[in-house]
Amino acid sequence: MSLDTSHFVADTRLHVLELYRATIANLARNAPLTDTLNVLLRAMEGLAPDISGAVLRYADGDMQVATATDWHPDLIQSLCVLPYAEELVRHRSEEKQDIPQIARGLCWNQLQQITAQYQLTPYAVVPVLGADEVFLGVFLLLTPAHGELAGADRQTLLELSALAAFAMQCDNDRRKLHDAEVINRHYETSMARMALAIEGSGTGIWDRNIVTGEIHYSPGWKAILGYADHEISHRIEDSYTRLHPDDLPYVQQTIKAHFEGKTSQYAVEHRVRCKDGSYKWISSRGRVVSRDADGNPLRMIGTTTDISAMRALSEQLQQSVDLVTSLTNEVPGLAYQYQVRADGQELFSYLSEGVREIFELAPEQLRENAAVIHQLIHPDDLPRYQSMLKTPDRNVQHVYLEFRVNLPRQGLRWRQMSARPRHLPDGSIVWHGLITDVTEHKRIETTLHEMATIDFLTQIPNRRYFMGRMEEELARIKRGVGKPSAVMMYDLDNFKLINDNYGHAVGDIVLRHFAGILKEQLRKNDTAGRVGGEEFAVILSGTNLDEAEVFARRVQQQLLNSPVKLDHVLIHVTVSIGISMILPDDIGPDAALTRSDTALYLAKENGRNRITLSS
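A brief report on the enclosed structure follows. Think of each chain on its own: its residues are numbered from 1, step by step along the sequence as written. Note on the predicted model: pLDDT of at least 70 is required for a residue's local features to be given, and 80 or more for side-chain atom pairs to be given and counted; whole-chain, interface and lining totals, by contrast, use all residues. To get the side-chain values, take all heavy atoms of the structure and skip hydrogens and water.

### Quick look at the pattern of salt bridges
Heads up, the condition is: Basic side-chain nitrogens of Lys or Arg form a salt bridge, by our definition, when they fall within 4 Å of a carboxyl oxygen of Asp or Glu.
Within this structure, the stated rule accounts for 30 salt bridges. Taken together, the salt bridges that share partners define one network made up of Arg 285, Glu 402, Lys 442 and Glu 445.

### What to know about the sheet that holds strand 4 (residues 135-143)
Inclusion rule: Any two strands are treated as partners once DSSP identifies two or more bridges connecting them. Runs of E in the DSSP output that reach at least two residues are strands. Runs of H or I that reach at least four are helices, and both are numbered from the N terminus. As a rule, the C-alpha atoms of each element are fitted with a line to give its axis, helices using only the stretch in contact, and angles between N-to-C directions run from 0 to 180 degrees. We call two residues contacting when some pair of their heavy atoms lies within 4.5 Å.
As summarised here, the arrangement of the four strands in space is 2-1-4-3, forming an open sheet in which the pairing is antiparallel. With one partner strand each, in any of the chains shown, strand 2 (62-68) and strand 3 (121-129) form the two edges of the open sheet. Averaged over all adjacent pairs, the angle separating strand axes in this sheet is 25°, with direction ignored. Of the pairings in the sheet, the one linking strand 1 (residues 52-59) to strand 4 comprises six bridges and is antiparallel in character. In the strand pairing of strand 4, Leu 56 is matched with Val 138. Its contacts with the sheet put helix 3 (residues 73-80) on strand 1, strand 2 and strand 4, and the angle it makes with strand 2 is roughly 140°.

### Concerning the nonpolar core
Put simply, the test is: Nonpolar core, defined: a set of buried Ala, Val, Leu, Ile, Met, Phe, Trp, Tyr and Cys residues in which side-chain atoms within 4.5 Å join the residues together. Per-residue accessibility, obtained with a 1.4 Å probe over protein chains only, is compared with the maximum for each type, and a residue is labelled buried under 20%, exposed over 50%, and partly exposed between these values.
Core analysis: the biggest nonpolar cluster contains 33 residues, and Met 488, Tyr 490, Leu 492, Phe 514 and Phe 536 have the highest contact counts within it. The set of elements that each furnish at least two residues to this core consists of strand 15 (485-492), helix 17 (495-502), helix 18 (504-521), strand 17 (535-540), helix 19 (545-561), strand 18 (564-566) and strand 20 (575-582). The leading source of residues in this core is helix 18, at seven residues. With 30 residues, the next largest nonpolar core counts Phe 348, Tyr 385, Phe 403 and Leu 407 among its residues.

### Some words on the environment of Ala 599
Within the element layout of this structure, Ala 599 appears in helix 20 (residues 589-605). With a relative accessible area of 3%, Ala 599 lands in the buried category. Separated by 12 residues in the primary sequence, Ala 599 and Ile 611 have C-alpha atoms spaced 8.2 Å apart. Each residue touching Ala 599, except ones within four places of it in the same chain, is listed here: Gly 578, Ile 579, Thr 612, Leu 613 and Ser 614.

### Focus: the packing of aromatic side chains
Let me state the cut-off plainly: Note on aromatic contacts: the rings of Phe and Tyr and the six-membered ring of Trp form a pair at centre separations within 6.5 Å, being stacked when their planes are under 30 degrees apart, edge-to-face when over 60 apart, and tilted otherwise.
Across all of its chains, the model carries seven aromatic pairs by this definition. Judged by centre distance (6.3 Å) and plane angle (80°), the ring pair of Trp 206 and Tyr 266 falls under edge-to-face. Pair noted here: Trp 206 is in strand 5 (residues 203-209) and Tyr 266 is in strand 7 (residues 266-273), with a separation of 60 residues, a long-range link. Residue classification places Tyr 266 among the buried positions, given a relative accessible area of 5%.

### Section: the side chain of Glu 346
Looking at where Glu 346 falls in the secondary structure, it is placed in strand 11 (residues 346-351). Sequence-distant contacts of Glu 346, defined by excluding residues within four places in its chain, comprise Tyr 338, Gln 339, Val 340, Ala 370, His 374 and Lys 390.

### Topic: the sheet that holds strand 20
Working definition: the strands of a sheet are paired by backbone hydrogen bonds and lie parallel or antiparallel to each other. Strand order in the open sheet made by the five strands is 16-17-15-20-21, with mixed pairing throughout. In this open sheet, the two strands that pair with only one neighbour each are strand 16 (527-530) and strand 21 (611-613). Geometrically, the sheet is characterised by an average inter-axis angle of 20° between neighbouring strands, direction not taken into account.

### Remarks on helix 9 (residues 248-259)
Counted only if it meets this: By this rule, a helix spans an expected 1.5 Å times one less than how many residues it contains.
Compared with an ideal rise of 1.5 Å per residue, which puts 12 residues at 16 Å, helix 9 spans 16 Å between its outermost C-alpha atoms and is within 8% of the ideal. All of the buried residues in helix 9 are Val 251, Thr 254, Ile 255, Ala 257, His 258 and Phe 259. Contact partners of the buried residues in helix 9: strand 5, helix 8 (236-241), strand 7, strand 8 (279-291) and strand 9 (297-306). Positive phi appears at Gly 261, one or two residues downstream of helix 9, with a value of about 80°.

Spelled out as structure tokens, the structure:
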């Protein structure tokens with residue numbers, strides 16, 4: 001809808017109602033914000049002859065030109081850098097009753113100095129204030145000659161400023177909803193791409209429910225053994241029947257050790273029977289991602305890769321180096337023979353061409369000096385690498401090691417070494433092995449781990465991860481290391497009413513909004529997590545109760561100052577908070593959380609939107 005504002009020059013009161021209708025019409029048809037601001041600016045310019053103006057919008061801490069008269073670019077740039085928002089805050093902090101809204105107020109003296117260089121003078125400065133007097137921008141009106149603003153015109157400018165604030169807030173709401181939709185679409189696309197990448201990489205995924213005994217396989221996992229998607233059961237006991245009898249005890253002992261927390265991850269290589277009755281060598285890696293309060297495992301996720309070709313190649317290396325020379329150069333990875341002599345001297349007696357990709361070295365470089373490889377291995381992984389090769393247990397028949405390397409061209413990469421030692425009569429050790437690039441597999445493992453520890457809706461840690469951090473913090477306090485810590489429970493007040501009145505989609509927006517506020521307030525060593533439907537918890541490391549209360553009030557105030565904007569509706573949300581200290585004599589992490597939860601309950605009982613400290 002277009003509006004002719006030429007008649008406003010003759011009408012000093014302006015047709016505000018007509019402008020209001022024009023603004024509503026523009027918003028209804030999703031017209032650009034500049035269309036509405038242009039109409040309002042032309043109306044302001046019609047107050048007196050020779051008036052020209054500009055609308056500056058405050059966004060992300062900077063003033064930006066929304067629309068402007070054909071002023072000199074240097075003048076516009078100078079006007080944008082003036083501290084209008086800071087000036088408004090200063091007036092408020094001085095508790096002035098008459099906060100400058102029009103004319104000689106915000107940055108007036110600076111405006112006079114700047115505009116004088118262009119033979120202009122300020123006529124009026126009109127702040128655009130949104131809900132709770134949030135600063136959204138400013139109207140600037142300039143004139144070649146000095147002039148005084150009439151009282152009626154002041155009221156008109158205030159009304160036009162209110163219309164501009166309404167339009168800007170609606171535009172902000174539309175932008176936020178659009179950004180949320182883009183984020184959701186991006187997440188769904190990323191998940192789909194990851195699934196396709198995994199299925200096409202020769203690796204399968206499995207997800208085991210340890211309590212019920214169910215295990216679910218991806219189509220790629222089933223394809224490794226030659227099964228169609230519907231041809232394999234989901235019972236863990238059936239999976240054990242497919243293992244080679246000689247490998248079954250080793251697999252069961254390894255997984256038992258991981259369940260008991262003796263290892264950080266589950267990693268095995270073993271044979272498994274395919275649909276056609278033949279056996280394949282596979283490498284399975286995974287970890288427990290969920291445990292109950294007593295530490296018993298609940299859920300485990302992992303990956304399986306077909307390594308039959310690699311295992312066959314490794315066995316052939318022990319029989320004849322000459323036989324495998326031509327073959328190893330065609331297989332991805334580095335096949336090698338490595339010797340540690342009785343006098344401690346180390347050397348590579350055989351290296352396949354894969355060394356050029358695995359370590360970015362020529363075979364002759366390592367044959368001349370085996371220690372060159374030590375300079376490429378990550379310092380944190382080098383001690384394990386050296387210890388394993390120099391002093392293996394005589395009862396060990398196979399070793400498996402993952403380590404990182406820093407390469408000039410590829411950067412930081414993950415390598416997996418699978419090797420068998422042979423002890424010679426003179427005290428020397430000969431290793432036959434294969435080193436492959438497992439960087440992509442490690443990335444998949446990391447992604448799966450993140451998916452299991454991050455709350456999908458709010459993108460902050462979930463309860464499982466948060467409880468793990470509570471255990472770490474309690475262990476630190478029991479050791480007497482550093483300062484004590486506080487734990488806080490947050491519960492959004494009347495959240496059920498929000499879901500009932502506006503729907504669960506809006507409720508989700510409120511949860512994401514509050515999670516964003518929490519993340520903005522956290523320090524680097526603090527942790528926030530979503531522990532229930534509308535319940536959140538925070539660990540403030542090295543913080544006492546008084547400091548925690550200050551933090552809680554800051555979060556409460558930020559939530560009050562930033563209601564959720566939905567179309568033309570502002571949803572004001574409050575939160576009740578309970579705070580407790582983590583004590584050295586706490587039996588477990590639940591103790592401090594229980595105290596915080598009790599304090600939270602008292603805050604709810606005493607009227608909500610309150611902070612209660614645990615006694």
